Amino acid sequence: DSGVTQTPKHLITATGQRVTLRCSPRSGDLSVYWYQQSLDQGLQFLIQYYNGEERAKGNILERFSAQQFPDLHSELNLSSLELGDSALYFCASSVGKVGDTQYFGPGTRLTVL
Amino acid sequence: GQQLNQSPQSMFIQEGEDVSMNCTSSSIFNTWLWYKQDPGEGPVLLIALYKAGELTSNGRLTAQFGITRKDSFLNISASIPSDVGIYFCAGSSTSGTYKYIFGTGTRLKVLA
């Protein structure tokens, strides 16, 4: 158990809908990262937050957004969902220093029908 | 998106054999991480490397941070069936960014 929690574990929805994925980092970690992993693919970095502020952005679509709250949990919002958005979405957390170790949550499997 | 070159892409080995995989980058990295991912699960950290030339072990796993800072290696000795999974490397550059770039993964299958 990495100490990072994600909910829900599974999510099934229809095209055009909007969903919210939630992540709670390990105790003491200030940074949260979101990744997308499509079937049999590698991990694509989406976005990082540090202590409530956006720190780095990757290949995140405009239809996607995220935020980190004062209690350090984070939410990833996916809107106008398309079939191609079906994937595993992982959250990772770290202390927040450059190059420090990231610990991953169990992921949310999103299926868009 | 940007990714590291990780090889081999997949391996089939006999139980008890040693395994080697590596990652290479065109950029210099200051941190290398190695993860193992089981199907449908989150990646689990195996080894973290922070200095060029560093050699670190975790049980039957040994990883090295290449001297050039552009590569890293992971070795698994005396493989067992539970070593099956996908192994990812991840590197963090020296440019001051906080995000990691992930390798494409090595899919390992162990034949009993």
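For the structure given in this document, a descriptive report is provided here. (Residues numbered from 1 in each chain as written. Chains lettered and ligands numbered in written order. Predicted model: local features only at pLDDT ≥ 70, side-chain atom pairs only at ≥ 80, totals over all residues. Heavy atoms only, no water.)

Before going further, it helps to spend a moment on the nonpolar core. Formed by 22 residues in total, the largest nonpolar core has its most connected members in Trp32, Trp34, Leu74 and Leu108 of chain B. Residues within four places of leucine 74 of chain B in sequence aside, it is in contact with Val19, Ser20, Met21, Trp34, Leu46, Ile47, Leu61, Thr62, Ala63 and Tyr87 of chain B. Residues Cys23, Phe64, Leu78 and Ala87 of chain A belong to the second largest nonpolar core, which totals 21 residues. (Core = buried A, V, L, I, M, F, W, Y, C linked by side-chain atoms within 4.5 Å. Buried < 20%, exposed > 50% of the residue type's maximum accessible area, 1.4 Å probe, protein only. Contact = heavy atoms within 4.5 Å.)

Looking now at the layout of surface pockets. Of the pockets and cavities examined, the largest pocket occupies roughly 630 Å³. What lines the largest pocket is a set of 28 residues, among which Leu39, Asp40 and Gln41 of chain A together with Ile86 and Arg107 of chain B lie closest to the centre. Secondary-structure elements contributing two or more residues to the lining of the largest pocket are strand S4 (31–37) and strand S9 (87–94) of chain A together with strand S9 (85–93) and strand S11 (106–111) of chain B. Its residues assigned to classes, the lining of the largest pocket comprises eight nonpolar, 15 polar and five charged. The computed volume of the second largest pocket comes to approximately 220 Å³. Looking at the lining of the second largest pocket, the elements with two or more residues in it are strand S10 (103–104) of chain A together with strand S5 (44–49) of chain B. (1 Å grid on protein atoms, 1.4 Å probe; cavity = no way out; pocket = protein on both sides within 12 Å on 5 of 7 lines; lining within 4 Å. Points joined across faces, edges and corners; volume = space filled by probe spheres on them. Helix = DSSP H or I, 4+ residues; strand = E, 2+ residues; numbered from the N terminus. Nonpolar A, V, L, I, M, F, W, Y, C, P; charged D, E, K, R; others polar.)

Residue and element names in this part refer to chain A. With respect to topology, four strands assemble into an open sheet ordered S1-S3-S8-S7, the strand pairing being antiparallel. Of all strands in the sheet, those bounded by a partner on one side alone are strand S1 (5–7) and strand S7 (64–68). Looking at each pair of strands side by side, their axes are set apart by 15° on average, direction ignored. Bridge count for S1 against strand S3 (residues 19–24) is three bridges, and the pairing is antiparallel. Within the sheet, the bridge partner assigned to threonine 7 lies in S3 and is arginine 22. (Pairing = 2+ DSSP bridges. Axes fitted to C-alpha atoms, helices over the stretch in contact; angles between N-to-C directions.)

It is worth spelling out the interface of chain B and chain A at this point. Listed as interface residues are 23 residues of chain B and, on the opposing side, 28 residues of chain A. Of the roughly 1,900 Å² buried between chain B and chain A, counting both surfaces, carbon and sulfur atoms make up 56%. Taken together, the links from chain B to chain A amount to zero salt bridges. Counting every contact that joins chain B to chain A gives four residue pairs in polar contact (both at pLDDT 80 or more). A total of five residues in the side of chain B that touches chain A trace back to one element, the largest contributor, which is strand S4 (residues 29–37) of chain B. Class assignment for the residues of the side of chain B that touches chain A results in 10 nonpolar, 10 polar and three charged. (Buried area = accessible area lost by both parts, 1.4 Å probe. Salt bridge = Lys/Arg side-chain N within 4 Å of Asp/Glu carboxyl O. Polar contact = N/O pair within 3.5 Å; in protein donor to acceptor, adjacent residues only side chain to side chain.)

Between side chains of opposite charge, pairing is possible as soon as their charged atoms come close. One pass over the structure, following the stated rule, counts five salt bridges over all chains. Among the salt bridges present, the one from aspartate 38 of chain B reaches lysine 36 of chain B, with a minimum N-O distance of 3.1 Å. The class of aspartate 38 of chain B is partly exposed, set by a relative accessible area of 34%. What makes lysine 36 of chain B buried here is its relative accessible area of 14%. Residues aspartate 83 of chain B and arginine 60 of chain B are paired through a salt bridge, measuring 2.8 Å at the closest nitrogen-oxygen approach. Note that aspartate 83 of chain B is positioned in the loop between strand S8 (71–76) and S9 and arginine 60 of chain B in the loop between strand S6 (55–58) and strand S7 (61–65), a separation of 23 residues in sequence. For aspartate 83 of chain B, a relative accessible area of 6% gives the class buried. Residue arginine 60 of chain B is classed as partly exposed on the basis of its relative accessible area, which comes to 29%. Here the residues in one salt-bridge network are Arg63, Glu82 and Asp85 of chain A, joined through shared partners.

Keep in mind these values describe shape, not function.
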